[in-house]
Amino acid sequence: MKTIAEIRDSLRAARHALQQEYLAHPNPARYLRVHAKLMDAHLRAIWTMLAIPRDLALVAVGGYGRAELYPKSDIDLLILLPRQPDEPLQQQLQDLVGKLWDIGLEVGHSVRTVGDCMAESSDVTVQTNLLEARHITGDCALFEEMREALAEHLSRRAFYLAKAQEQEQRHTRYIDTDHNLEPNLKESPGGLRDLQSVLWISRACGFGHTWQALAQADLITATEARQVAHHEHLLQDLRIRLHYLSGRHDDRLVFEYQTALAEQLGIKASSQRRASEHLMQHYYRTRRAVLQLNAVLLQTIRARIFPAAETWPINERFVARDDKLEARDEALFEREPSAILESFLLLEQHPRLSGFSAPTLRALWRARRSIGSEFRNDPRNRALFMEIVRQPQGLTHALRRMNQQDILGRYLPAFGRIVGQMQHDLFHVYTVDEHILMVVRNLRRFTLEQYAHEYPLCSRLIRDFARPEVLYIAGLFHDIAKGRGGDHSKLGRADARRFCRQHGLMREDTELVVWLVEQHLSMSATAQKQDLSDQDVIAAFASKIKNERYLAALYLLTVADIRGTSAKVWNAWKGKLLEDLYTAVRRYMSSGKIADQVGEVRRVAAETLSLYAISTEVYELLWAQLDADYFLRHEPHEIAWHTRLLAHRVNTDTPIVKTRLSRIGEGIQVLVYAQDKPWLFANICNFFARMSYNIMEAKVHTTQHGYALDSFQVMDTNNSGTVYRDVMNYIEYELAQLLASEAPPGAPHTGRVSRQLKHFPIAPQVDITRDEKGRHILSVVAGDRPGLLARIAWVLAQHRIELHSAKINTLGARAEDTFWIGGEELQNPQQVDELREALRQQLA
């Protein structure tokens, strides 16, 4: 009889050999089965060695019970007893579990009688474990007794409802953006758990527990059985390889392993996309197919065990069965292909319907291949598609269903090419197709009264916007050319123009759609990277815009686009910048000239101060120290706030730091007034970096008498629940103390690089140019990290560069910052090159 050490060594050697065989000749189904059998043999050896009583049974449950044992999965066991154990047996069982750990197994075990199992089986998880239990060794009769008791105890309808609810809750839990970028191969929507859920329910209902059995039960066709097995094969292969790569039970496809997995699978990078992006597109398309098959099968099984209670006619081709739309004839779509699009239109027109019946889902899935050039060129289908787009409700659901059914990508081939396409650009957290549909969803959301409080200006603009379908079409096409190489805005406009002409849009609407697709990035770039206090910037941007309809359309699309990129990219500050640009351009287009902005700002600020009973004489001395640039860069309410705080302390010897809650509803405005010093800005940036606060905007001004009057918009972007009132006093006191000290400035704070940035780094881009007015503009593109701005400020101070203003634009893990700088050193080309190189090295 083997010793524990011999069993451990045997198991280790056998698992290593199995790993080598798999990597050389991958066959996931065989691997999982052989691994389970290998484990069975070693467990039997220990069971026999310890002379466990014959009337006990050792039972595999969970994935191990299904004979699907992944490399690093836990070994889930049930020790089945004929009666409650006495003390010697308890000791023997403890010894058994200890020996299992001794041979290197991570064991999850329970010790129960048949009665205990039934008492616990009201929990759906326990029911599921018992349902797929498998006998390993010991008393077979006791195991069969447990199975028979479970069969009597199990209600197939209750089990179906419980598992369906469990799946819905799991999908909700795993559908956030982090899991979208780094999906869980087992638990995420469209993962292995969705396939397992179908087989659990099928087994509980007596239809079988393999895809072939489901085909024999006429729940799916033989072709569908082969398709689902193919998708299961890919997910299983990825999960097995992931376990080996990580060396632990880790089912999340994190950035760290995506490239390595792509290399193992022989996936190569292309000129436009990384190998990991190609891998993830395979995964996302598999996920979509799994979700589709899961929906079809669950509805098909439900129809078998819950017969429909009510039907009512829709038209001569469709009926409603309960709350589902059903084709009267499953061959309808092959016979009349235009009924494919009609079915989605009917769901929009009948809000009572929640989706398609199982037979209709399957019929749509089979009929999708009939959508070719003939279908796309048919005037009836073009008219139906435009009718879908023009419906007052249900468009988002319709497009998402069409995408899930692989119909949208076949009707719009350009869209089909970007389905499942992920871009590791550090700020898009959705695949391109999901992002596009999210943008359309956001545009539709602006039309809904219940969301008017979220975006008041957007809701107001879209309410007065004639023919809003042009916005939805622009949303569909704005990123449709991603991944082709070249400028996707210019490539996409050709697709958009072709669509509009084919679908009969008026010429003026066609021109607007094409213009929106080409210009969809321009408003965001101007708002976040240019000086909006510069009227020449406003005039230049306004020159691109034909009329107020174009301006409103571009504003609406821009807000929807940024919101559809990632929940973490949008914030109130970006919203304010876009609204400020919209308002400034609209005012300029209405007047047709540049107003006396300085005079207007001074007048409004003075009116505000008069409300506080502050006369002109009180702040005359302060305003005399402020040049026109100050009044151009600050809003009247900011100037009034600064004036109230500083009017009596114009020549103060001690730094003044004051804060207030930002008027945009997020973050804090910070005022710093102190005698100017070379390292002042660097110290301020370092202070906020150590607090893990982001500076969203910096307005740096030097008065006529040598004082720095700097204002900052700061936010805690890592914690949306921050109570800013709690830190305002801290900032005012601690920052003032820091600036008052004569101690040399500390080294810039550096934080940890995010995992995403670590595995998909950005080569820093540093550009120093001059605008038409001769001002030097520093543009920096780099991976965002804590302390980034502090490091830039440190380099600028080292090179004696003066900072006049800064715009900080963070897109997920990507920073695109713009600085208006000055200093004598900038007149020397060699020193400019040295500054540029120093910044690159600091940001690398």
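Throughout this document, residue positions are counted from 1 along each chain, in the order its sequence is written. Local features in this predicted model are restricted to residues of pLDDT 70 or higher, and side-chain atom pairs are both shown and tallied only at a pLDDT of 80 or more, whereas totals for entire chains, interfaces and linings draw on every residue. In computing side-chain values, all of the structure's heavy atoms are included and hydrogens and water are not.

Peer 1: How would you summarise the overall build of the chain if you had to cite specific residues and measurements?
Peer 2: Tallying secondary structure elements over the chain gives 40 helices and 17 strands in all. Projected onto its principal axes, the C-alpha coordinates of the chain cover approximately 100 × 70 × 50 Å. Counting every position in the chain, which comprises 844 residues, the buried fraction comes to 56%. Two residues qualify as a contact provided that any one of their heavy atoms is within 4.5 Å of a heavy atom in the partner residue. Counting contacts in the chain only where the partners sit at least 6 residues apart, residues at least 24 apart contribute 71% of the total. Considering the chain, the positive charge centre built from 105 side chains and the negative charge centre built from 105 side chains are found 4 Å apart. Think of it this way: any DSSP run of H or I at least four residues long counts as a helix, any run of E at least two long counts as a strand, and we number them from the N terminus. Between buried and exposed lies partly exposed: a residue is buried under 20% and exposed over 50% of the maximum accessible area for its type, with that area taken using a 1.4 Å probe on protein chains only. Positive charges are assigned to Lys and Arg, negative charges to Asp and Glu, while His and the chain termini are left out of the count. A charged residue contributes its charge at one atom only: NZ of Lys, CZ of Arg, CG of Asp or CD of Glu.

Peer 1: Describe helix α27 (residues 507–519), with residues and values.
Peer 2: Between the first and last C-alpha of α27 there are 18 Å, a value that for 13 residues agrees with the 18 Å anticipated at 1.5 Å per step. Contacts from the buried residues of α27 go to α25 (469–477), α26 (488–502), α28 (522–529) and α30 (548–563). For a helix, the expected span equals 1.5 Å multiplied by the number of residues minus one.

Peer 1: Go over helix α13 (residues 255–264), please, and point to the residues and values.
Peer 2: For α13, the complete set of buried residues consists of Phe255, Tyr257, Gln258, Leu261 and Ala262. For α13, the angular spread of buried residues about the axis comes to 150°, placing them on one side. One or two positions beyond α13, positive phi appears at Gly266, with a value near 75°. Here the arc refers to the set of directions running from the helix axis out to each C-beta atom.

Peer 1: Outline the sheet that holds strand β8 (residues 355–356), listing residues and values.
Peer 2: The pairing criterion for strands is at least two bridges between them, as found by DSSP. A sheet is described by the order of its strands in space; here 4 strands give the open sequence β5-β6-β7-β8, paired in mixed fashion. For this open sheet the edge positions go to β5 (311–313) and β8, each flanked by a neighbour on one side alone. One ladder, built from 2 bridges, connects strand β7 (residues 324–327) with β8; its direction is parallel. Across the sheet, residue Leu325 finds its bridge partner in β8, namely Phe356.

Peer 1: Could you give an account of the packing of helix α8 (residues 156–174) against helix α14 (residues 275–305), naming the residues involved and the relevant values?
Peer 2: Lines fitted to C-alpha atoms define the axes, with helix axes restricted to the stretch in contact, and inter-axis angles between N-to-C directions lie between 0 and 180 degrees. Where α8 contacts α14, the axes come no closer than 11 Å and their chain directions differ by 155°. Between α8 and α14, the angle falls in the class roughly antiparallel. Every pair of crossing elements has a handedness; the one defined by α8 and α14 is left-handed. Contact residues: α8 offers Arg156, Arg157, Tyr160, Leu161, Gln167 and His171, while α14 offers Leu291, Asn294, Leu298, Gln299, Ile301, Arg302 and Ile305. Note that the term roughly parallel is reserved for angles under 35 degrees, roughly antiparallel for angles over 145, roughly perpendicular for angles of 65 to 115, and oblique for everything else. Each helix crossing is assigned a hand: it is left-handed if the near helix lies turned anticlockwise from the far helix by less than a right angle, otherwise right-handed if that turn is clockwise.

Peer 1: Can you break down the nonpolar core residue by residue, with the values?
Peer 2: Soluble globular proteins: nonpolar side chains tend toward being buried together. Think of a nonpolar core as a cluster: buried Ala, Val, Leu, Ile, Met, Phe, Trp, Tyr and Cys residues, connected wherever their side-chain atoms sit within 4.5 Å. Counting 152 residues, the largest nonpolar core has Phe333, Phe385, Phe415, Leu471, Phe688 and Phe819 as the members making the most contacts within it. In this view, Phe333 contacts Phe318, Ala327, Ala339, Ile340, Ser343, Thr360, Ala363, Leu364 and Ala367; residues no more than four positions away in its chain are not counted. Formed by 69 residues, the second largest nonpolar core is a distinct cluster that contains Val61, Cys117, Leu142 and Tyr257.

Peer 1: Tell me about unusual backbone geometry, and name the residues and values.
Peer 2: Residue Asp406 is not a glycine yet carries a positive backbone phi of 65°. Counting through the fold element by element, Asp406 comes out in the loop between α20 (395–404) and α21 (408–411). Unlike most non-glycine residues, Ser692 shows phi in positive territory, near 65°. Residue class for Ser692 comes out partly exposed when judged on its relative accessible area of 38%.

Peer 1: Residue-level account of the side chain of Thr128, with values.
Peer 2: Residue placement: Thr128 occurs in helix α6 (residues 124–131). Setting aside its immediate chain neighbours within four residues, Thr128 contacts Phe159, Lys163 and Trp200.

Peer 1: Give me the pairing of strand β2 (residues 75–81): which residues, what numbers.
Peer 2: Counting buried positions over the 7 residues of β2 gives 6, a clear majority of the element. As paired elements, strand β1 (residues 57–60) and β2 share 4 bridges and run antiparallel to each other. The residue bridging Val59 from the neighbouring strand is Leu78, located in β2. Taken together, the 7 bridges between β2 and strand β3 (residues 107–113) define a ladder with parallel strand orientation. Within β3, the residue paired with Leu80 across the bridge is Arg112. Read from β2 through helix α4 (residues 87–102) to β3, the crossover connection turns out right-handed. Clockwise travel from the first strand over the helix to the second, with the strands pointing away from the viewer, marks a crossover as right-handed.

Peer 1: Lay out the packing of aromatic side chains with the relevant residues and their values.
Peer 2: By convention, a stacked pair of Phe, Tyr or Trp rings (six-membered ring in the case of Trp) has centres within 6.5 Å and planes under 30 degrees apart, an edge-to-face pair has planes over 60 apart, and any other such pair is tilted. Summed over the entire model, instances satisfying the criterion amount to 23 aromatic pairs. Residues Tyr673 and Tyr707 carry aromatic rings whose centres are separated by 5.0 Å and whose planes lie at 20° to one another, so their mutual orientation is stacked. Within this pair, whereas Tyr673 is found in strand β10 (residues 668–675), its partner Tyr707 is found in strand β12 (residues 707–715), the two being separated by 34 residues in sequence. Seen in terms of ring centroids, Phe687 and Tyr730 are 6.3 Å apart; in terms of plane orientation they differ by 20°. Their pairing is stacked.

Peer 1: Explain the sheet that holds strand β4 (residues 134–138) residue by residue, including any values.
Peer 2: Spatially, the 4 strands line up as an open sheet ordered β3-β2-β1-β4, and their pairing is mixed. Sheet topology places β3 and β4 at the edges, where each strand pairs with a single neighbour. Neighbour-to-neighbour, the strand axes of this sheet turn through a mean angle of 25°, independent of strand direction. As defined by bridge partners, β1 adjoins β4 across 4 bridges and the pair is classed as antiparallel. In the strand pairing of β4, Leu58 is matched with Thr137. Set on the sheet, α4 makes contact with β2 and β3; between it and β2 the angle comes to about 165°.

Peer 1: Let's hear about a negative patch on the surface: which residues, and what values?
Peer 2: Within the patch definition used here, like charges are joined within 9 Å and nonpolar side chains (Val, Leu, Ile, Met, Phe, Trp, Tyr) within 5 Å, considering only residues with over 30% relative accessible area and no salt bridge. Areas reported here follow the Shrake-Rupley algorithm with a probe of radius 1.4 Å; residue values treat only the protein chains shown as occluding. The term salt bridge refers to a pairing of a side-chain nitrogen on Lys or Arg with a carboxyl oxygen on Asp or Glu at a separation within 4 Å. Taken together, Glu144, Glu145, Glu148 and Glu152 make up a surface patch of like negative charges. Tracing the sequence through the fold places Glu145 in helix α7 (residues 140–153).

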